[in-house]
Amino acid sequence: ARTRGLQAVDGPFVAVRDPAGFRAAARRAAALGYDGKWVLHPAQVEAGNAEFTPSDATLARAEAMVAAASRAALTGVGAVMLGEEMVDEAGVNLAKATLARVRRTS
């Protein structure tokens, strides 16, 4: 989906009276890189938003990754260290997707 410029949205969780199950399913989908999850019941909205809204720390890390990669690219370097973490094209693409998701909802 992302390659085609589309949002990847996980399917519904039909056990609408199981909020813990919905939250767990949403958390798994977010960890896999989905942009969101269908909700079938208003009670699922809050948990869905909570699981798919990046934390301030996640946003700061994404911004730092993009900035570090941009600086490295100016010198022709394809990967760079950011603290104890290697930042490469794949990580930067995920960081950019995180930042884009926040921009779409702001």
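Provided above is the structure to which this section pertains.
In this report, the structure presented in the accompanying data block is examined. Predicted model, so just to flag it, every value in this text is computed and none were measured.

Between its first and last C-alpha, helix 3 (residues 56-74) extends 27 Å over 19 residues, near the 27 Å set by a 1.5 Å rise per residue. Along helix 3, the positions that sit buried rather than exposed are Leu59, Ala62, Met65, Val66, Ala68, Ala69 and Ala72. Two residues or fewer past helix 3, Gly76 is found with a positive phi of approximately 85 degrees.

Here the largest pocket defines a volume of roughly 430 Å³. Together, 20 residues line the largest pocket, and Ala30, Thr58, Leu94, Thr98 and Arg101 are the ones closest to its centre. Counting only elements with at least two residues in the lining of the largest pocket, the list comes to helix 1 (19-31), helix 2 (45-52), helix 3 and helix 4 (89-105). Per-element tally for the lining of the largest pocket: the top contributor is helix 4, with six residues. Tallied by class, the residues present in the lining of the largest pocket amount to eleven nonpolar, five polar and four charged.

Basis of the calculations
Residues numbered from 1 in each chain as written. Predicted model: local features only at pLDDT ≥ 70, side-chain atom pairs only at ≥ 80, totals over all residues. Heavy atoms only, no water. Helix = DSSP H or I, 4+ residues; strand = E, 2+ residues; numbered from the N terminus. Expected span 1.5 Å × (residues − 1). Buried < 20%, exposed > 50% of the residue type's maximum accessible area, 1.4 Å probe, protein only. 1 Å grid on protein atoms, 1.4 Å probe; cavity = no way out; pocket = protein on both sides within 12 Å on 5 of 7 lines; lining within 4 Å. Points joined across faces, edges and corners; volume = space filled by probe spheres on them. Nonpolar A, V, L, I, M, F, W, Y, C, P; charged D, E, K, R; others polar.

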